[in-house]
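Chain by chain, the residues:
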Amino acid sequence: QVQLVESGGGLVQAGGSLRLSCAASGLTFSRYTMGWFRQAPGKEREFVAAIRWSGGGTYHADSVKGRFTISRDDAKNTVYLQMNGLKPEDTAVYYCAARPQTPYWKTRTNDYEYWGQGTQVTVSS
């Protein structure tokens, strides 16, 4: 049974930082591309960032490029999202997701097979 468990969300002031973590179990972690998505109230879930196997590269949405950084530790079966320079518009529930490795970047929610329960990030102005 695959489980993805996010942690690290919370309330932060604009300009602040948070680091989200997602611990995976029940899958061969190194064989999966890991992604982060977010969903704000009344909006569709949107892609934030993805990372392939270690050294396989990362891909960030334009809205977070230069502020957020995705990384992974295959020894710990964990993926991270370092968020700096947070803005009120970053407020959302952040979800971790997993899909089998492919050579192409996937950014649609339908492209991902497994999902976590989400963690709330609230940025105050």
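Thresholds applied
Residues numbered from 1 in each chain as written. Predicted model: local features only at pLDDT ≥ 70, side-chain atom pairs only at ≥ 80, totals over all residues. Heavy atoms only, no water. Salt bridge = Lys/Arg side-chain N within 4 Å of Asp/Glu carboxyl O. Buried < 20%, exposed > 50% of the residue type's maximum accessible area, 1.4 Å probe, protein only. Phe/Tyr/Trp six-rings, centres within 6.5 Å; stacked < 30°, edge-to-face > 60°. Helix = DSSP H or I, 4+ residues; strand = E, 2+ residues; numbered from the N terminus. Lys NZ or Arg CZ within 6 Å of the ring centre and 35° of its normal.

## Digging into the pattern of salt bridges
Side chains carrying opposite charge are able to pair once their charged atoms draw close together. Under the criterion given, the structure shown has 6 salt bridges. Its salt-bridge partner being Asp62, residue Lys65 comes within 3.1 Å of it at the nearest N-O pair. Of the two residues, Lys65 and Asp62, both sit in the exposed class. Where Arg108 meets Asp111, a salt bridge forms, and the shortest distance between an N and an O atom there is 3.0 Å.

## A word on the packing of aromatic side chains
Here the distance between the centres and the angle between the planes together describe a pair of aromatic rings. Counted according to the given criterion, the structure contains 8 aromatic pairs. Taking the centre distance of 5.8 Å and the plane angle of 20° together, the rings of Tyr59 and Trp105 count as stacked. Placement of Tyr59 in strand S6 (residues 58–60) and of Trp105 in the loop between strand S9 (92–100) and strand S10 (114–115) is noted, with a sequence separation of 46 residues between them. Looking at Tyr59, the relative accessible area reads 35%, which means it is partly exposed. Residue Trp105 is classed as partly exposed on the basis of its relative accessible area, which comes to 28%. An aromatic cluster is defined as three or more aromatic residues linked by ring pairs; in this entry it consists of Phe37, Phe47, Tyr59, Tyr95, Trp105, Tyr112 and Trp115. Lying over the aromatic face of Trp115, Arg45 brings its terminal NZ or CZ to 5.0 Å of the ring centre.

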